[in-house]
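Each chain is listed here by its residues.
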Amino acid sequence: ATPTALMVGTGRGAQLGILIKGPEVLESTRRVDTVVLDKTGTVTTGRMTLLAVHTADAEDEKTVLRLAGALEHASEHPVARAVAAGALERAGALPVPEDFANVPGLGVQGVVEGHAVLVGRRRLLAEWAMELPAALAAAAEEAERSGRTAVAVAWDGRARAVLEVADAVKGTSAEAVRRLRALGLTPVLLTGDNRAVAEAVAAEVGIDEVIAEVLPEDKVAVVRRLQGEGRTVAMVGDGVNDAAALAQADLGLAMGTGTDAAIEAGDLTLVRGDLRVAADAIRLARRTLGTIR
Ligand code: ADP
Ligand code: MG
């Protein structure tokens, strides 16, 4: 394409709510055959809410929410925000933790009112040689089959509760997946979340290929593996967790509603965070290059 055609393409991009880093970006859209979609905040709204609290026999809900909420209040993860907001609402003021650490992709751990508290995936509990009692494990599995995230809560060496957190699929995501497929792209859902949750979301939006339970630092390796299989990969993401994968992808598309780290790592920004625009961006770029198939 001529430089003028590229300029027109990028100008039209701005109108559609697409910011393009430079004209050379358009070239990478030509061969893209796979589009990897981050789940939380990209396919889903990422605005989660606390739906239910399941406690082991001896625990009362308020204590669970006080201790779990206190730790999650110190984290910026969307799951953590939902737990902290739900805890504030149901249990009132939250204590300030004496100690706190974020465990990326797994949860949070720390000390609250003298108790050593863990909140997060079962894998985090397993690292401390703890597991959910049968009744709580059943509640967690039931939640996950319905596409909700199960958050385990443990303190002083025992698993005490499971919190159910729900995210909503964006109203535009299924249409976005249809548009991406219409361009000949194979969509892949990539997430750190549980497999059952990921499968439920994928089914809702029409994605067949799911890569779940991926630790934040391993997302980039997934993109590299797909490239190693000979695929040319576009990646769409919003999180700090997605930045390395966005940079590794042949084409990185960042949600404008996401983190600065993702926006800096991407080649393209979807200003309004509308996933349908990812397909528009690829179609526009190909048309600009005169290569629309
Ligand atoms: P995603 O890839 O879905 O954006 P992450 O890789 O950040 O998510 O986290 C993976 C999973 O780990 C989450 O779906 C959640 O189950 C769990 N998790 C991470 N951080 C927290 C936290 N602060 N509290 C509870 N659970 C968490
Ligand atoms: Mg995300």
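These numbers come from a predicted model, not from an experiment.

(A) Region of the structure containing unusual backbone geometry. Backbone geometry places Glu113, a non-glycine residue, at a positive phi of 45 degrees. Within the secondary structure, Glu113 sits in the loop between strand E5 (107-112) and strand E6 (115-120). On the neighbour-count criterion, Glu113 (14 C-beta atoms within 10 Å) is partly exposed. In this structure, Glu213 takes a positive phi of about 55 degrees despite not being glycine.

(B) Examining the nonpolar core more closely. Residues Leu189, Ala234, Met235, Leu253, Ala278 and Ala281 are the most contacted members of the largest nonpolar core, which totals 52 residues. By residue number, the principal contributor to this core is helix H13 (residues 276-288), which donates 7 residues. Residues contacting Ala278, with those up to four places away along its chain left out, are Ala176, Leu180, Val236, Leu253 and Leu270. Ranked by size, the runner-up nonpolar core spans 41 residues in total, among them Leu67, Ala68, Leu106 and Leu118.

(C) Seen up close, the pairing of strand E4 (residues 99-103). As defined by bridge partners, E4 adjoins E5 across 5 bridges and the pair is classed as antiparallel. Following the sheet pairing, Asp99 is matched in E5 by Val111. Counted along the chain from E4 to the antiparallel partner E5, the turn is 3 residues long, and its residue Gly105 has a positive phi close to 80 degrees.

(D) Representation of the packing of helix H8 (residues 173-182) against H13 in the model. Across the interface, H8 lies against H13 with an axial gap of 7 Å and an inter-helix angle of 20 degrees. Taken together, the axis directions place H8 and H13 in an arrangement best described as roughly parallel. Crossing geometry of H8 relative to H13 is assigned as left-handed. Two secondary-structure elements touch here, H8 through Glu175, Ala176, Arg179 and Leu180 and H13 through Arg276, Ala278 and Ala279.

(E) The arrangement of the sheet that holds E4 in detail. One open sheet accounts for 6 strands, arranged E3-E8-E7-E6-E5-E4; its pairing is antiparallel. The open sheet has two edge strands, strand E3 (49-55) and E4, and neither has a second partner. Taken pair by pair, the neighbouring strands of this sheet meet at an average axis angle of 20 degrees, ignoring direction. With 6 bridges connecting them, E3 and strand E8 (residues 158-166) associate as antiparallel partners. Each bridged residue has a counterpart across the sheet, and for Ala52 the counterpart in E8 is Glu164.

(F) Main features of helix H7 (residues 134-145). Helix length check: H7, at 12 residues, gives a terminal C-alpha distance of 16 Å against a target of 16 Å (1.5 Å per residue), a fit within 8%. For H7, the full list of buried residues reads Leu136, Ala139, Ala140, Ala143 and Glu144. Along the axis of H7, the buried residues cluster in a sector spanning 130 degrees; they form a single face. Buried residues in H7 make contact with E3, strand E7 (149-155), E8 and helix H9 (195-205). Downstream of H7 by one or two residues, Gly147 has phi in the positive range, about 85 degrees.

(G) Inspection of the environment of Ser75 at higher detail. Along the polypeptide, Ser75 turns up in the loop between helix H4 (61-72) and helix H5 (78-91). Setting aside residues no more than four positions away along its own chain, Ser75 makes contact with Ala80, Asn102 and Val108.

(H) Just H9, in detail. For H9, the full list of buried residues reads Ala196, Val197, Ala198, Val201, Ala202 and Val205. Looking at the packing, one finds that the buried side of H9 touches helix H3 (39-43), H7, E7, H8, strand E9 (186-190) and strand E10 (209-211). Downstream of H9 by a residue or two, Gly206 has a phi angle that is positive, lying close to 90 degrees.

(I) Region of the structure containing the site of ligand 1. The local shell around ligand 1 holds 22 residues, among which Thr40, His77, Ala80, Gly192 and Asp193 are the closest. Each residue belonging to the shell around ligand 1 can be placed in one class, and the counts come to 7 nonpolar, 11 polar and 4 charged. Of the residues that make up the shell around ligand 1, three or more belong to each of domain 1 (3-45 + 169-288) and domain 2 (49-166).

(J) Just the sheet that holds E9, in detail. In spatial order, the strands read E1-E13-E12-E11-E2-E9-E10; together these 7 strands make up an open sheet with mixed pairing. Strands at the two margins of the open sheet, each flanked by one partner only, are strand E1 (18-20) and E10. On average, each strand axis in the sheet is tilted by 20 degrees relative to the strand beside it, whichever way the strands run.

(K) Spatial organisation of the domain arrangement of the protein chain. Under the domain assignment used here, the protein chain contains domain 1 (3-45 + 169-288) and domain 2 (49-166). Computed from C-alpha atoms alone, the centre-to-centre distance between domain 1 and domain 2 is 31 Å. The partner domain 2 presents 9 residues to the 11 residues of domain 1 that form the contact. When contributions to the side of domain 1 that touches domain 2 are tallied by element, the ones reaching two or more residues are H3 and H9. In terms of residue count, H9 provides more of the side of domain 1 that touches domain 2 than any other element does, 4 residues in total. Classifying every residue of the side of domain 1 that touches domain 2 gives 6 nonpolar, 4 polar and 1 charged.

Cut-offs applied
Each chain has its residues counted from 1, running along the sequence as written. Here chains are named by letter from A upward and ligands by number from 1 upward, in the order in which they appear as written. Whole-chain, interface and lining totals are the exception, using all residues; otherwise, since this is a predicted model, local features are given only for residues with pLDDT of at least 70 and side-chain atom pairs are given and counted only at 80 or more. Here a helix means four or more residues in a row that DSSP labels H or I, a strand means two or more in a row labelled E, and each is numbered from the N terminus. Exposure criterion: with C-beta atoms placed from backbone coordinates, a residue whose C-beta has 20 or more other C-beta atoms within 10 Å is buried, one with 12 or fewer is exposed, and one in between is partly exposed. Put simply, a nonpolar core is buried Ala, Val, Leu, Ile, Met, Phe, Trp, Tyr and Cys residues tied into one set by C-beta atoms within 7 Å. Remark: residues whose backbone-derived C-beta atoms lie within 7 Å of one another are considered to be in contact. For two strands to pair, DSSP has to find at least two bridges joining them. Throughout, an axis means a line fitted to C-alpha atoms (over the contacting stretch in the case of helices), and angles, computed between N-to-C directions, take values from 0 to 180 degrees. Roughly parallel means an angle under 35 degrees; roughly antiparallel, over 145; roughly perpendicular, 65 to 115; everything else is oblique. Each helix crossing is assigned a hand: it is left-handed if the near helix lies turned anticlockwise from the far helix by less than a right angle, otherwise right-handed if that turn is clockwise. The length a helix should cover is 1.5 Å for every residue beyond the first. The directions considered for the arc run from the helix axis to the C-beta atoms. Each residue gets a C-beta atom placed from its backbone. Should that atom fall within 6 Å of a molecule or strand, the residue is termed near it. Residues were grouped as follows: Ala, Val, Leu, Ile, Met, Phe, Trp, Tyr, Cys and Pro as nonpolar; Asp, Glu, Lys and Arg as charged; and all remaining residues, including Gly, as polar. Residue ranges assigned to each domain were obtained from an automatic or database domain assignment.

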